[in-house]
Amino acid sequence: MNKPARFPSMTLAAEGPARFTAAEFLHMVEAGAFDDMSVELVEGELQRMPPAGNSHSRRHGSVAFRLMSAVGETMVRIEAGVRIDDDNIVGPDVALLTRVVAEDGPLPTDAIKLAIEVAESSIDRDLGVKRLLYAGAGIPNYWVVDGKRSVTHVFEQPVEGDYASLRLVPFGEALTIPGTDATITLD
């Protein structure tokens, strides 16, 4: 009689989400598993990001363009993955680098001077879990461009897993680009 095949080396968890390591996640990315979607690895779990809307896309492009115009395009990355640790790979909308990174793959955290998230529908996530991940990784500066409130949340000085300093900069006021004398103004 036919019996169902059993694979003794495979065990399935009785409950709970599947967990992945950064290496497993990167292997899935390389294999094309997420070619039609934006996915991040947070605390070992896959988190699907909603597609960017028109307002987010416009503001994202504006932030990247202004930053590149001020510091040069070789030091700016757009939607590049950042490997925080073995359980977390996230992708800021824009990143300002401390040095040129030539190798392929996720950016190392020590190469990032500023991570920027453009928040239209993701404000809770960007001010919550992403802030803590970036601070915990020692990324010295983090901006959340809040389109709903027309302000930029400027976080600085990571200490013990969070940022010690927060300023709200209204759209239309100059933002000093960390490590430079240059400024940009967002709207």
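The following refers to the structure shown.

Each value, and the rule that gives it
Per chain, residue numbering runs from 1 following the sequence as it is written. Totals for whole chains, interfaces and linings use all residues, but because this is a predicted model, local features are given only for residues with pLDDT of at least 70 and pairs of side-chain atoms are given and counted only at 80 or more. Only heavy atoms go into the side-chain values, all of them from the structure, while hydrogens and water stay out. Remark: nonpolar core denotes a set of buried residues (Ala, Val, Leu, Ile, Met, Phe, Trp, Tyr, Cys) joined through side-chain atoms within 4.5 Å. Burial status follows relative accessibility: with a 1.4 Å probe on protein chains alone, a residue under 20% of its type maximum counts as buried, one over 50% as exposed, and anything between as partly exposed. Secondary structure elements are defined from DSSP: runs of H or I of at least 4 residues count as helices, runs of E of at least 2 residues count as strands, and each element is numbered from the N terminus. In what follows, a contact means two residues having at least one pair of non-hydrogen atoms within 4.5 Å. For this document, the term salt bridge refers to a Lys or Arg side-chain nitrogen within 4 Å of an Asp or Glu carboxyl oxygen.

Here the focus is the nonpolar core. In terms of nonpolar packing, the biggest core is built from 40 residues, with L107, I112, I116 and Y134 touching the most fellow members. Among the elements of the structure, α2 (54-71), β4 (82-85), β6 (94-97), β8 (112-119), α4 (129-136), β9 (141-146), β10 (151-159) and β11 (162-170) are those that each provide at least two residues to this core. By residue number, the principal contributor to this core is β8, which donates six residues. When near neighbours in sequence (up to four residues on either side) are disregarded, Y134 contacts I84, V90, G91, P92, A115, E117, I139, Y142 and Y163.

Looking now at α4. Helical geometry: 3.6 residues make up each α-helical turn, so side chains three or four residues apart lie on a common side. Along α4, the residues that are buried comprise K130, R131, L133, Y134 and A135. Positioned one or two residues after α4, G138 has a phi angle of 80°, which is positive.

One pass over the structure, following the stated rule, counts nine salt bridges. Put simply, K130 and E40 hold a salt bridge, and the shortest N to O gap is 2.8 Å. Here E40 lies in strand β1 (residues 38-42) and K130 lies in helix α4, a separation of 90 residues in the sequence. Among the residues examined, E40 registers a relative accessible area of 5% and is labelled buried. The shortest N-O distance in the salt bridge between R83 and D86 comes to 3.2 Å. The structure contains a network of salt bridges with shared partners spanning E40, E117, R125 and K130.

Right, let's get into the environment of T21. Along the chain, T21 falls in the segment before α1 (22-30). Among the residues examined, T21 registers a relative accessible area of 26% and is labelled partly exposed. Spatially, the C-alpha atoms of T21 and E160 are 24 Å apart, while their sequence positions differ by 139 residues. T21 has contacts with L41 and D86, leaving out every residue within four places of it along the chain.

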